[in-house]
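# Breakdown of the fold
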Amino acid sequence: MTRTYWAAGTAVLLALLFAVAATVASASGDGDGDGSRTTARAPGLHSPDAGFARDMAVHHQQAVEMSFIVRDRTKDEPVRGLAYDIANTQANQRGMLLGWLDLWGLPKVVADEPPMSWMGSADGHGGHAGHDMSGSDMSGHDMAGHDVGGATAKPGALMPGMATKEELAQLGATEGRDAEVLYLQLMTDHHKGGVAMAQGCAAQCETPAERALAQGMVEAQQSELTLMADMLKQRGAAPRG
């Protein structure tokens, strides 16, 4: 378990370091040696790059919220340690994603953009492709039934893997082993949805640093899924579904 968790943390750290270096290089590279600055073309408003940054920032925020909830509901050090590391890692990644949107001069929220619409975007520089999704709520508040790489948003959830308000309330009302098991189950679902989203960016995003970060998310969260399955087994439970 320790080796698995160390590998997950290492993958995230390497992705973060690479992404920071690549962002600096692509955002402020020198021109012909005369000090002039060259900047790569910024992604479009509805590009996979921008859509992933917006959606994953929201997705990550809930993981941070759940992790802080469980730290107050149990004294189990392995679960508290996992929660702390997930919160810290995903808060840092969220900051990077929002920072890229600022760098590109793009909004962090687009009112008429359904969650996950970038997964079907064919226009990398601003086209509004991929918005024809049967049953989706244009307000972006409920994407129940929307399939993303095999992950489906449950009724009342914003994106695949995300918990509902009722599930968050239930987590906040539990203690001890019950809180540990519910957190691990909810975070397992959350990671599965996050992996599907990150795989989408790794395949579709055009910004090298963002693709690298997305691939790092895939590898780290897959390792954490293995770890959480082991932790659930130790508590006489299993992932849901």
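From a predicted model like this one, the values you see are computed outputs, not experimental measurements.

Reading the values: rules and limits
- Residues numbered from 1 in each chain as written.
- Predicted model: local features only at pLDDT ≥ 70, side-chain atom pairs only at ≥ 80, totals over all residues.
- Heavy atoms only, no water.
- Helix = DSSP H or I, 4+ residues; strand = E, 2+ residues; numbered from the N terminus.
- Buried < 20%, exposed > 50% of the residue type's maximum accessible area, 1.4 Å probe, protein only.
- Polar contact = N/O pair within 3.5 Å; in protein donor to acceptor, adjacent residues only side chain to side chain.
- Contact = heavy atoms within 4.5 Å.
- Salt bridge = Lys/Arg side-chain N within 4 Å of Asp/Glu carboxyl O.
- Expected span 1.5 Å × (residues − 1).
- Disulfide = S-S within 2.5 Å.
- Axes fitted to C-alpha atoms, helices over the stretch in contact; angles between N-to-C directions.
- Parallel < 35°, antiparallel > 145°, perpendicular 65-115°, else oblique.
- Nonpolar A, V, L, I, M, F, W, Y, C, P; charged D, E, K, R; others polar.
- Core = buried A, V, L, I, M, F, W, Y, C linked by side-chain atoms within 4.5 Å.

With that out of the way, let us pick up the side chain of His 190. Mapping His 190 onto the fold places it in helix α5 (residues 176–204). Note on His 190: relative accessible area 1%, which makes it buried. Only 3.0 Å separates the side chain of His 190 from the backbone oxygen of His 59, close enough to count as a polar contact. Engagement of the side chain of His 190 in a polar contact is seen with the side chain of Gln 62, the distance being 3.5 Å. Those residues in contact with His 190, other than ones at most four positions away along the chain, are His 59, Gln 62, Ala 63, Met 66, Gly 161 and Met 162.

Now for the pattern of salt bridges. Counted under the stated rule, the structure contains nine salt bridges. In this structure, Asp 102 engages Lys 108 in a salt bridge whose closest nitrogen and oxygen atoms are separated by 2.5 Å. Note on Lys 108: relative accessible area 37%, which makes it partly exposed. Across the salt bridge formed by Glu 180 and Arg 235, the nearest N and O atoms sit 2.9 Å from each other. Of the two residues, Glu 180 is situated in helix α5 and Arg 235 in the segment after α6 (208–234); the sequence distance between them amounts to 55 residues. Given a relative accessible area of 8%, Glu 180 falls into the buried group. Several salt bridges converge on common partners, so that one network encompasses Asp 76, Glu 180 and Arg 235.

A separate point is helix α2 (residues 48–71). For α2, spanning 24 residues, the distance from its first C-alpha to its last is 34 Å, which sits close to the expected 34 Å at 1.5 Å a residue. α2 sits mainly inside the fold: 19 of its 24 residues count as buried.

With that settled, the discussion passes to the state of the cysteines. On inspection of all chains with the given rule, the structure shows one disulfide. Each disulfide pairs two cysteine sulfurs, and for Cys 201 the partner residue is Cys 205, the sulfurs being separated by 2.3 Å. Between Cys 201 and Cys 205, the S-S dihedral sits near -120 degrees, and the bridge is therefore left-handed. Here Cys 205 falls in the buried class, since its relative accessible area comes to 4%.

Among the structural elements, Gln 199 can be located in helix α5. Residues Gln 199 and Glu 219, spaced 20 residues apart in sequence, show a C-alpha to C-alpha distance of 9.8 Å. The residues contacting Gln 199, other than those within four sequence positions of it, are Val 218 and Gln 222.

Unusually for a residue other than glycine, Met 116 sits at a positive phi of about 70 degrees. Position of Met 116 among the secondary structure elements: in the loop between α3 (77–104) and β3 (147–148). Using a relative accessible area of 1% as the deciding quantity, one classes Met 116 as buried.

Let's shift gears to the packing of α2 against helix α4 (residues 165–173). Contact pair α2 / α4: the axes reach a minimum separation of 9 Å and the direction vectors enclose 20 degrees. The orientation of α2 with respect to α4, classified from their angle, is roughly parallel. For the pair formed by α2 and α4, the contact residues are Gln 62, Glu 65, Met 66 and Ile 69 on the first element and Leu 168, Leu 171 and Gly 172 on the second. When the residues that make up the contact of α2 with α4 are grouped by side-chain class, the tally is four nonpolar, two polar and one charged.

What follows concerns the nonpolar core. In this structure, Phe 52, Met 66, Leu 82, Leu 97 and Tyr 183 are the most contacted members of the largest nonpolar core, which totals 51 residues. For this core, the elements supplying multiple residues, two or more each, are α2, α3, α4, α5 and α6. For this core, the element with the highest residue contribution is α5, accounting for 11 residues. Residues within four places of Met 66 in sequence aside, it is in contact with Ala 163, Leu 168, Leu 171, Tyr 183, Leu 186, Met 187 and His 190.

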